[in-house]
Amino acid sequence: MPLRTRSPFFPLSSPCLVLGDPSPPPSIVPSRPAGRAAAVTPCPPAPPELREQTLVLVKPDAVQRRLVGDVIGRFERRGFKLVAMKLLQVPVLTYSRTQLFPIPQVWEGYNVVRSTRAMVGDTDSAQAAAGTIRGDLSMHVSRNVVHASDSVETASREIGFWFQQNELVAWESGDSQYTYGP
Ligand SMILES: Nc1ncnc2c1ncn2[C@@H]1O[C@H](COP(=O)(O)OP(=O)(O)OP(=O)(O)O)[C@@H](O)[C@H]1O
Ligand SMILES: Cc1cn([C@H]2C[C@H](O)[C@@H](COP(=O)(O)OP(=O)(O)O)O2)c(=O)[nH]c1=O
């Protein structure tokens, strides 16, 4: 198979500047003759396929086991962008009056729903492949660390369940040129 050297995502022909970036790397600022104003073009909004979103719920067992950072790190390293997250306190109405602390998150990026399911692994921890979140971090289906939406439609519903629209932060990450750019 021929090696692709250009990004399949973004046919951007000229460098552009991420809005709000106070110090763009020199490589993305067009060079200009002395005395002329810099002609920096703001980046156009990302196309919809790069803005797919999914709901990941870090379950209470993972919060108690201090696995939140591990889960977040995996999504960050994969290249996805965090657009919402909160720590919740959910009372459980049993005689022991326990509290649960789930952390819903919204992650954004290309094919994020399918990629996330692959990263999470099989529902049954014993079947989950090594390298997946459940395959690495969980032993039993009843304490399987995370939940993740299983389709784009489900994601939209589940995001709406856990978050108000104004809790989703639309931000341009400084690395988007490197992740999706030409
Ligand atoms: N036999 C079981 N014993 C204990 N908990 C279970 C069992 N089956 C499912 N669960 C719990 O319910 C959750 C949802 O189960 P369900 O069968 O709907 O899986 P799913 O939503 O398709 O998969 P996933 O949890 O991987 O998103 C599981 O993640 C697990 O935490
Ligand atoms: C509380 C908790 C639940 N779970 C899973 C197992 C449960 O089947 C599912 C829903 O939890 P829960 O709401 O406690 O209901 P159930 O009575 O079915 O246990 O989420 C975890 O994986 N980790 C947890 O910390």
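All residue numbers refer to position in the chain's written sequence, counted from 1. Whichever chain is written first becomes A and whichever ligand is written first becomes 1, with later ones labelled in order. This being a predicted model, a pLDDT of at least 70 is required before a residue's local features are given, and a value of 80 or more before pairs of side-chain atoms are given or counted; all residues contribute to the totals for chains, interfaces and linings. No hydrogens and no water enter the side-chain calculation; it runs on all heavy atoms of the structure.

1. As for the site of ligand 1
Link 1 in the chain: Around ligand 1, a shell composed of K59, R117, T123, R134, V141, S142, N144, H147 and A148 is seen.
Link 2 in the chain: Think of a polar contact as two N or O atoms within 3.5 Å of one another; within protein, one of them needs to be a possible hydrogen donor and the other a possible acceptor, and neighboring residues in sequence only count if both atoms come from side chains. K59 places a side-chain nitrogen or oxygen 2.9 Å from an oxygen atom of ligand 1.
Link 3 in the chain: In the environment of ligand 1, an oxygen atom lies 2.9 Å from a nitrogen or oxygen atom belonging to the side chain of N144.
Link 4 in the chain: For ligand 1, whose accessible area on its own is 590 Å², the fraction buried by protein is 47%.
Link 5 in the chain: Under the scheme applied here, ten amino acids are nonpolar (Ala, Val, Leu, Ile, Met, Phe, Trp, Tyr, Cys and Pro), four are charged (Asp, Glu, Lys and Arg), and all others, including Gly, are polar. For the shell around ligand 1, a count of residues per class yields two nonpolar, four polar and three charged. It suffices for a single heavy atom of a residue to lie within 4 Å of a molecule or strand for the residue to be listed as near it. Areas reported as accessible are Shrake-Rupley estimates using a 1.4 Å probe. Residue values count occlusion only from the protein chains shown.

2. Focus on the UniProt feature "domain: Nucleoside diphosphate kinase-like" (unreviewed entry) in the protein
Link 1 in the chain: UniProt positions are given in the numbering used here, feature names are shortened, and annotations may be inferred rather than shown by experiment. In the numbering used here, UniProt assigns the feature "domain: Nucleoside diphosphate kinase-like" (unreviewed entry) to residues 51–170.
Link 2 in the chain: The span residues 51–170 is 34% helix and 20% strand, and its two end C-alpha atoms sit 10 Å from each other. Runs of H or I in DSSP of at least four residues are treated as helices and runs of E of at least two as strands, each being numbered from the N terminus.

3. Quick look at helix α3 (residues 112–120)
Link 1 in the chain: Among all positions in α3, only V112, V113, S115, T116, M119 and V120 are buried. Taken down its axis, α3 places every buried residue within 165 degrees of arc, on the same side. For α3, the exposed residues set more than 90 degrees away from the buried face come down to R114 and A118.
Link 2 in the chain: Packing partners of the buried residues in α3 comprise β1 (53–58), α2 (68–78), β5 (103–108), α4 (133–137), β6 (146–148) and α5 (152–162). Buried residues are those whose accessible area, probed at 1.4 Å on protein chains only, stays under 20% of the maximum for their type, while exposed residues exceed 50% and partly exposed ones sit between those limits. It is the directions from the helix axis to the C-beta atoms that the arc portrays. We call two residues in contact when some of their heavy atoms are within 4.5 Å.

4. Some details on the nonpolar core
Link 1 in the chain: Here the nonpolar core consists of buried residues drawn from Ala, Val, Leu, Ile, Met, Phe, Trp, Tyr and Cys, with membership extended through side-chain atoms lying within 4.5 Å. Core analysis: the largest hydrophobic core is formed by 22 residues, its most contacted members being V58, V71, F75, W107, I133, V145 and V146.
Link 2 in the chain: Taken together, the elements giving at least two residues each to this core come down to β1, α1 (60–64), α2, β5, α3, α4 and β6.
Link 3 in the chain: In contact with F75, other than residues within four places in its own chain, are V56, F80, W107, T116, M119 and I133.

5. Observations concerning the pattern of salt bridges
Link 1 in the chain: One side-chain nitrogen of Lys or Arg within 4 Å of one carboxyl oxygen of Asp or Glu is enough to make a salt bridge. Considering all chains together, one arrives at four salt bridges under this definition.
Link 2 in the chain: E108 is the salt-bridge partner of K81, the closest N and O atoms lying 3.4 Å from each other. Of this pair, K81 sits in strand β2 (residues 81–85) while E108 sits in strand β5, placing them 27 residues apart in sequence. Note on accessibility: K81 and E108 belong to one class, buried.
Link 3 in the chain: Its salt-bridge partner being K86, residue E167 comes within 3.0 Å of it at the nearest N-O pair. Here the residue E167 occupies a position in the loop between α5 and α6 (176–180), and K86 occupies one in the loop between β2 and β3 (90–91), the gap between them amounting to 81 residues.

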